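Spelled out, the chains give:
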Amino acid sequence: MKKSNFNWQENQEEELPVSFLEHAENEKIHPLVAQILWQRGIQTTEQLEAFLYPSLEQLHDPFLLYDMEKAVERIRKAVENGEQILVYGDYDADGITSTTVMKEAIELVGGEVSYFLPNRFVDGYGPNLDVYKYYIETQGISLIITVDNGVAGHEAIAYATSLGIDVIVTDHHEIPPTLPNAYAIIHPKHPDGNYPFRELAGVGVAFKVATALLDEIPTEFLDMVAIGTIADLVSLTGENRALVSLGLQMIKNTERIGLEELIKIAGIEKSTFTEENIGFGIGPRLNALGRLGEASPGVELMTTFDEEESKELAEMIDKINEERKEIVNQITEEAVGMLSELPNSPVNVLAKEGWHEGVLGIVAGKIMQQTGKPTIVLTIKLDEKVAKGSARSVEALNIFEALSSRREIFTAFGGHHMAAGMTLSVENLEKLRETLEDYIVVNAIDMTQGASLTIDEKLLIEKVDIPFIEQLSVLAPFGTDNPKPTFEFDKVNVTETRAIGADGAHLKFQLKTDDATLDAIAFDFGKYQYEFSTFAENSFVGKLDINEWNGNKKPQLMVEDFAVEGIQVFDLRGKNSRKLIPFESGLFLLFHENSRKILPAQIAEEQIVMIDEADMTTSQDLVVVDVPNDLEGLRSFVDEGEYSRVYLLGYSKDEAYLNGVGSRDQFARLFKFIKQQKELDVRYKLKQIAQFLKIPQSLLIFMINVFSELEFVTIDNGVLTEVTHPQNRALTESSIYQERMVQIKSEEFLLLSDVETIREWLSGNRDNN
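Every chain's residues receive numbers from 1 upward, in the order its sequence appears when written. Two thresholds apply to this predicted model, a pLDDT of at least 70 for residue-level local features and 80 or more for giving and counting side-chain atom pairs, whereas whole-chain, interface and lining totals are computed over all residues. Hydrogens and water molecules were not included; the side-chain quantities draw on all heavy atoms of the structure.

Caption draft 1: Broad picture of the side chain of Asp148. In this description a helix means any DSSP run of H or I spanning at least four residues, a strand means any run of E spanning at least two, and both kinds are numbered starting from the N terminus. Its location among the elements puts Asp148 in the loop between strand 4 (141-147) and helix 7 (154-162). Reaching out from Asp148, the side chain makes a polar contact with the backbone nitrogen of Gly95 at a distance of 3.3 Å. Here a residue-residue contact requires only that any non-hydrogen atoms of the pair lie within 4.5 Å. In contact with Asp148, other than residues within four places in its own chain, are Asp90, Asp92, Asp94, Gly95, Ser98, Tyr125, Thr170, Asp171, His172, His173 and Gly202. Whenever a nitrogen or oxygen atom comes within 3.5 Å of another N or O atom, the pair is scored as a polar contact, on the condition that within protein one atom can donate a hydrogen and the other can accept it, and that pairs from neighbouring residues in sequence are kept only if both atoms are in side chains.

Have a look at this one:
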């Protein structure tokens, strides 16, 4: 049995109203796709029309945002008076695109505008007092407009206000208990506002200001809105769906030469540009700037009209992103290596000197996905005696609330349900782990379920074809609150499994039933290569895609998780498969004491048991080290202990199944040799005797023991002597001979049968219960 890594949450299929189904049918929507739409809240013909056909008419009036009229009047006044305006942005993709939109909008109405994007390592996030001072005192700035930040910038904004400098905040982050004393605050969740859609990204808010300022919808900015909205992982529903859908079309026809160069260097085909190209191509490249240094080149790239400059900037950004990936991979590898050293805990807290703080959130997310545990990754700064880093959590644990219960251990802290950032003294690192562990215990939080994975539909493989997968595109663009559909395939066989990629990190295989097959690929699943059952005990969850190669199109499942029901048998017979042996968690079962010598020294003594003294409930992983004389004893042991993962080593000291019980000719040769020699030194000359008789030594020992039991010979102090007038007895009368026959049958079954036959045999008792 292999439990799923995620906690599968299956959407319940509902009976849809006839009117909705008829309208969906008129739109040529597949019934399964109609079911998904219904589950996602699209339940009227009006909602369906709006979902299928995003348009500018779906955008809300920007003046519905609180303080918008006041803000626009102040910007226009600054333009009329020739005031110096500063756009103060943020260092991520949303901040870069927000700054671009606001800068260009003000320039279109004739304003004098400059911009500043903070360095996360020098200036930190949000309004920085020293930066405000610099621009006010030395650059003559009289109006500051924040984009994608500001609602938490009390100190810097208060300073500017005290000098008569107006600050207009445009932001979308969580509203603090007290708002800063700004001239105007444009925020979709403003406590005094009532904007119809509350989930705009920073760039969406900036676009609203631009729309109000220009007295028209500036469609040329929609490319930036799409990039910032998707990259910031805000809800892709309602107004955001319209903005992104229209923005994706704009990108296909963009006149921004910098964006074109970035698309080209990312290896993206502009004519088929989708939200995935932003999520995996453009967004990470823009985010890499702020993670490793200055983010301003992102704005320069998006606003330049110089072809040479655009190429240089795109190449530089791509190079920085490659550097970012190398750093992430290095830190992740180091952090994963530290996991085995951690105490047994429901959380991972990993800290090390020298890790680059700009990428720790990515690393924490990777390790959280891999382990299913909330993860905090920190870099230690010994010169400052602090640790600084990021946390990523699972749904079961609100990491922000958990850590807020001990705010006194932090010098800086912020976040939300699934993520947090923090700085704390190195001496408080252990308290950090204890805080989370105590919170989990006190609040009785079940951490065994893993992160949730919502499944839209259960499908049969034979229902999957190219037209159905193409039909799913009506749900796009995909993102937060509108993910690409996830499907579950139950009771499927697995065939043609092979590892691909560097170090076999990924897997390709086929899902198979009696009626159909489906190609599958599973990234970072290399370690699970031997988990799949070749028969119908597997369930897979993933997203459907089309694999196109040399003009041929085939459906493909992008696997996200899997589970295996029933007993799993891992075949380690005669293989160098030490990496598959559960050295830490396994119970190593012996039927013969002399098999103990083959066990590696790293196995703890309490993990090794003989069949007649074993505790039935110590482990889920059972390693069958050798072959029993009694097969039924093994099956009963597995069944009573409810072991679901059986690792078959199958060591056989005597290799009875290969050597047999000895032929009539071999026994005759031995008997004749004994008659000739009268006495044999079987203590020191056994090897030479075996070579002379051409009988394997282990078989020869067995044959001598049979002769001894039948009183054909005597053995005294290592010397074998012929019995001159033995009783005439058949070899089969020997209990040793009979046990050997049973052992041979056991070995033939356990060592020569295929794994599925053994699995079905072990499952027999349970299936009959």
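Caption draft 2: Geometry of the side chain of Arg740. When you line up the elements, Arg740 lands in helix 24 (residues 735-752). Buried and unpaired, Arg740 has no salt bridge, with Asp654 as the nearest side chain of opposite charge at 4.3 Å. Not counting residues up to four positions away in its chain, the partners in contact with Arg740 are Asp654, Ala656, Asn659, Gly660, Val661, Leu699 and Phe702. Summary of the burial criterion: residues with accessible area below 20% of their type's maximum are buried, those above 50% are exposed, and those between are partly exposed, where the area comes from a 1.4 Å probe applied to protein chains only. Counted charges follow a simple rule, with Lys and Arg positive, Asp and Glu negative, and His plus the chain ends left uncounted. By definition here, a salt bridge exists when the distance from a side-chain nitrogen of Lys or Arg to a carboxyl oxygen of Asp or Glu is within 4 Å.

Caption draft 3: Representation of helix 23 (residues 697-709) within the structure. Here, expected helix span is obtained from the residue count minus one, scaled by 1.5 Å. Under the 1.5 Å per step criterion, the end-to-end length of helix 23 is 18 Å for 13 residues, consistent within 8% with the ideal 18 Å. Among all positions in helix 23, only Leu699, Leu700, Phe702, Met703, Ile704, Val706 and Phe707 are buried. In this fold, the buried residues of helix 23 make contact with helix 20 (656-659), helix 21 (664-677), helix 22 (686-693), strand 25 (713-716), strand 26 (719-722) and helix 24. Two residues or fewer after helix 23 comes Glu711, characterised by a positive phi angle close to 65°.

Caption draft 4: Here's a closer look at the nonpolar core. What we call a nonpolar core is a set of buried Ala, Val, Leu, Ile, Met, Phe, Trp, Tyr and Cys residues that are connected through their side-chain atoms within 4.5 Å. Core analysis: the biggest nonpolar cluster contains 86 residues, and Ile75, Ile106 and Ile251 have the highest contact counts within it. When sequence neighbours within four positions are dropped, the list of residues in contact with Ile75 reads Ile106, Leu143, Ile145, Ile168, Val209 and Leu213.

Caption draft 5: The arrangement of the sheet that holds strand 25 in detail. Note on pairing: two strands pair once DSSP finds at least 2 bridges between them. Across the sheet, which stays open at both edges, the three strands sit in the order 24-26-25 with antiparallel pairing between neighbours. Here the strands that pair on one side only, and so sit at the sheet edges, are strand 24 (679-681) and strand 25. Geometrically, the sheet is characterised by an average inter-axis angle of 20° between neighbouring strands, direction not taken into account. Where strand 25 lies against strand 26, four bridges are found, and the strand directions are antiparallel. Residue pairing in the sheet places Val713 in a bridge with Glu722 of strand 26. Here an angle of 0 to 180 degrees is reported between the N-to-C directions of two axes, which are lines fitted to C-alpha atoms, with helices fitted over the stretch in contact. Sitting on the sheet, helix 21 is in contact with strand 24, strand 25 and strand 26, with an inclination near 105° to strand 24. Strands in contact with helix 23 are strand 25 and strand 26; relative to strand 25, the strand with the most contacts, it is inclined by about 105°.

Caption draft 6: Expanded view of the packing of helix 21 against helix 22. In contact at an axis separation of 11 Å, helix 21 and helix 22 are set at 120° when each is read in the N-to-C sense. Considering their axes alone, helix 21 and helix 22 lie oblique with respect to each other. For the crossing formed where helix 21 meets helix 22, the hand is right-handed. Residue-level inspection shows Arg669, Leu670 and Phe673 of helix 21 in contact with helix 22, the latter providing Ile689, Phe692 and Leu693. Put simply, Ala, Val, Leu, Ile, Met, Phe, Trp, Tyr, Cys and Pro go in the nonpolar bin, Asp, Glu, Lys and Arg in the charged bin, and everything else, Gly too, in the polar bin. Per-class residue counts for the contact of helix 21 with helix 22 are five nonpolar, no polar and one charged. Oblique is the label for every angle not falling under 35 degrees (roughly parallel), over 145 degrees (roughly antiparallel), or within 65 to 115 degrees (roughly perpendicular). By convention, the crossing between two helices is left-handed when the near helix turns anticlockwise from the far helix through less than a right angle, and right-handed when the turn is clockwise.

Caption draft 7: Geometry of the environment of Asn659. Counting through the fold element by element, Asn659 comes out in helix 20. For the pair Asn659 and Val147, spaced 512 residues apart in the sequence, the C-alpha separation amounts to 81 Å. Here Asn659 is in contact with Asp654, Pro696, Ser698, Leu699 and Arg740, once residues within four sequence places are set aside. Within the structure, Asn659 has its side chain in polar contact with the backbone oxygen of Asp654 (distance 3.2 Å). There is a polar contact of 3.1 Å between the side chain of Asn659 and the side chain of Ser698.

Caption draft 8: Spatial organisation of the pattern of salt bridges. Evaluation of the coordinates by the stated rule reveals 38 salt bridges. Here Asp166 ties to Arg74 by a salt bridge, and the two come within 2.6 Å at their closest N and O atoms. Of this pair, Asp166 sits in strand 5 (residues 166-170) while Arg74 sits in helix 4 (residues 68-80), and the two are 92 residues apart along the sequence. One salt bridge connects Asp215 with Arg76, and the closest N-O pair in it is separated by 3.3 Å. Placement of the pair is Asp215 in the loop between helix 8 (202-214) and helix 9 (222-231) and Arg76 in helix 4, with a sequence separation of 139 residues.

Caption draft 9: Geometry of the packing of helix 12 (residues 275-292) against helix 14 (residues 307-339). One can describe the packing of helix 12 onto helix 14 by two numbers: an axis separation of 8 Å at closest approach and a directional angle of 70°. By the criterion of interaxial angle, the relationship of helix 12 to helix 14 is roughly perpendicular. Contacts between helix 12 and helix 14 pair Pro284, Arg285, Ala288, Leu289, Arg291 and Leu292 from the former with Met316, Ile317, Asp318, Ile320, Asn321, Glu323, Arg324 and Ile327 from the latter. Of the residues assigned to the contact of helix 12 with helix 14, the class counts are eight nonpolar, one polar and five charged.

Caption draft 10: Looking closely at the packing of aromatic side chains. Each Phe, Tyr or Trp ring (for Trp, its six-membered ring) is paired with any other whose centre lies within 6.5 Å, and the angle between the two planes then decides the class: stacked below 30 degrees, edge-to-face above 60, tilted in between. Going through the model one piece at a time under the given rule, you end up with 24 aromatic pairs. Between Tyr528 and Phe562, the ring centres sit 5.3 Å apart and the planes meet at 70°, which makes this aromatic pair edge-to-face. Taken together, the residues span a long stretch of sequence, with Tyr528 in the loop between strand 16 (517-522) and strand 17 (538-549) and Phe562 in strand 18 (residues 552-564) at a distance of 34 residues. For the pair Tyr528 and Phe562, a shared accessibility class is recorded, and that class is buried. Here Phe673 and Phe692 contribute two aromatic rings whose centre-to-centre distance is 5.3 Å and whose plane-to-plane angle is 40°, an arrangement assigned as tilted. Here Phe673, found in helix 21, pairs with Phe692, found in helix 22; they are 19 residues apart in sequence, far enough to count as distant. A network of ring pairs unites the aromatic residues Phe509, Phe525, Tyr528, Phe532, Phe540 and Phe562 as a single cluster. Residue placement shows Lys2 over the ring face of Tyr528; its charged tip is 5.2 Å from the ring centre. The ring of Phe51 is capped by Arg241, whose NZ or CZ atom sits 3.5 Å from the centre of that ring. Two conditions define a charge sitting above a ring: the NZ of Lys or the CZ of Arg must be within 6 Å of the ring centre, and it must be within 35 degrees of the ring normal.

Caption draft 11: Molecular detail of the sheet that holds strand 22 (residues 621-626). Strand order across the open sheet formed by five strands is 19-23-22-20-21, with parallel pairing between neighbours. Because the sheet does not close on itself, it has two edges, and the strands there are strand 19 (568-571) and strand 21 (608-610). Ignoring strand direction, the axes of neighbouring strands in this sheet form an average angle of 25°. Inspection of the sheet shows strand 22 paired to strand 23 (residues 645-651) by five bridges, in the parallel sense. Paired with Asp621 across the bridge in strand 23 is Arg645.

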